[in-house]
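# A closer look at the structure
Chain by chain, the residues:
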Amino acid sequence: MKIETTAVPLPIENIDTDQIIPARFLKAVTREGFGDNLFCDWRYHTDGQASDFVLNNNMYKGQILVAGKNFGCGSSREHAAWALHDYGFRVVISSFFADIFKGNALNNGLLPITVTDAELNDIFELIEQDPNHRFTIDVKNQKLHLSPGHVLSFEIDDYKKECLLKGYDDIDYLLSIKDKISQFEMSQIMY
């Protein structure tokens, strides 16, 4: 699986899950529609008019959100990953993710890539120099291509990588190995 796309810069640190998707939007139990309210309190003024927030700027588009350090902190809110994914993001790059957010992201088809602070600054500079700069993420080989000759490696758990590559959530994965599970169960039956 390769993703080649532009990126949206959000150089703000300590973005918590309530900023990603405000609590008042958590009443739904399905994943659809959360993208409309992604960063709602930053995207819109209280009168409903659009602000100058980066998601309202047509210059920045793409499937990658590049965020400041400590992204996804705060309460455990799977809805934050749902909102990012529903909006169209498939990758979030930051120099640090809250562990709970990172797990929720991976469980919902959203790849969090952790880079160093210096690498994060390089990425922000590339976007600032050219908002149409394209990045390539090679999930299978765990590579983030910033530019020709500038490739970063990233870590991902083998199980979560397989799920991302195959489009599985945890239930899909278990169903894919149902026969193996049945065989194991049968081998454990004591006569």
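See the structure above.
I will try to describe carefully the structure that is included in this document.

Below, the discussion takes up the overall build of the chain. Summing up its helical and strand segments, the chain has eight helices and eight strands in all. Seen along its three principal axes, the alpha-carbon backbone of the chain occupies a region of about 70 × 45 × 25 Å. Within the chain, buried positions represent 43% of all 191 residues. Long-range pairs, those at least 24 residues apart, make up 63% of the contacts in the chain between residues at least 6 apart in sequence. Working note: accessible area of the chain is about 10,600 Å², and carbon and sulfur atoms make up 50% of it. Mean positive and mean negative side-chain charge positions of the chain (18 and 28 charges, respectively) differ by 5 Å.

This next bit is on the nonpolar core. Of all hydrophobic cores here, the largest spans 52 residues; its most connected members are Phe 39, Phe 71, Leu 84 and Leu 144. Excluding residues within four positions of it along the chain, Leu 84 makes contact with Ile 20, Leu 38, Phe 39, Leu 65, Phe 71, Phe 89, Val 92, Phe 101 and Leu 110.

Attention now moves to unusual backbone geometry. Positive phi values are uncommon outside glycine, yet Asn 14 reaches one of about 60°. Here Asn 14 shows up in the loop between strand E2 (7-10) and helix H1 (17-20). Residue class for Asn 14 comes out partly exposed when judged on its relative accessible area of 44%. Not every positive phi belongs to a glycine, and Phe 39 is a case in point at roughly 50°. Turning to its location among the elements, Phe 39 is positioned in the loop between H1 and helix H2 (40-43).

Two aromatic rings are characterised by how far apart their centres lie and by the angle between their planes. Going through the model one piece at a time under the given rule, you end up with eight aromatic pairs. Pairing Phe 71 with Phe 101 gives two aromatic rings, centres 5.2 Å apart and planes at 85°, and the pair type is edge-to-face. Note that Phe 71 is positioned in the loop between strand E3 (64-67) and helix H3 (78-87) and Phe 101 in helix H4 (residues 99-107), a separation of 30 residues in sequence. Side by side, Phe 71 and Phe 101 carry an identical accessibility label, which is buried. A centroid spacing of 6.1 Å and a plane angle of 15° characterise the contact between Phe 97 and Phe 101, whose relative ring orientation is stacked. The two residues Phe 97 and Phe 101 agree in class, both being buried. Joined through ring pairs, the aromatic side chains of Phe 39, Trp 42 and Phe 53 make up one cluster.

What counts and how
- Residues numbered from 1 in each chain as written.
- Predicted model: local features only at pLDDT ≥ 70, side-chain atom pairs only at ≥ 80, totals over all residues.
- Heavy atoms only, no water.
- Helix = DSSP H or I, 4+ residues; strand = E, 2+ residues; numbered from the N terminus.
- Buried < 20%, exposed > 50% of the residue type's maximum accessible area, 1.4 Å probe, protein only.
- Contact = heavy atoms within 4.5 Å.
- Areas by Shrake-Rupley, 256 points an atom, 1.4 Å probe, with all protein chains shown as cover.
- Lys, Arg positive; Asp, Glu negative; His and termini not counted.
- Charge placed at Lys NZ, Arg CZ, Asp CG, Glu CD.
- Core = buried A, V, L, I, M, F, W, Y, C linked by side-chain atoms within 4.5 Å.
- Phe/Tyr/Trp six-rings, centres within 6.5 Å; stacked < 30°, edge-to-face > 60°.

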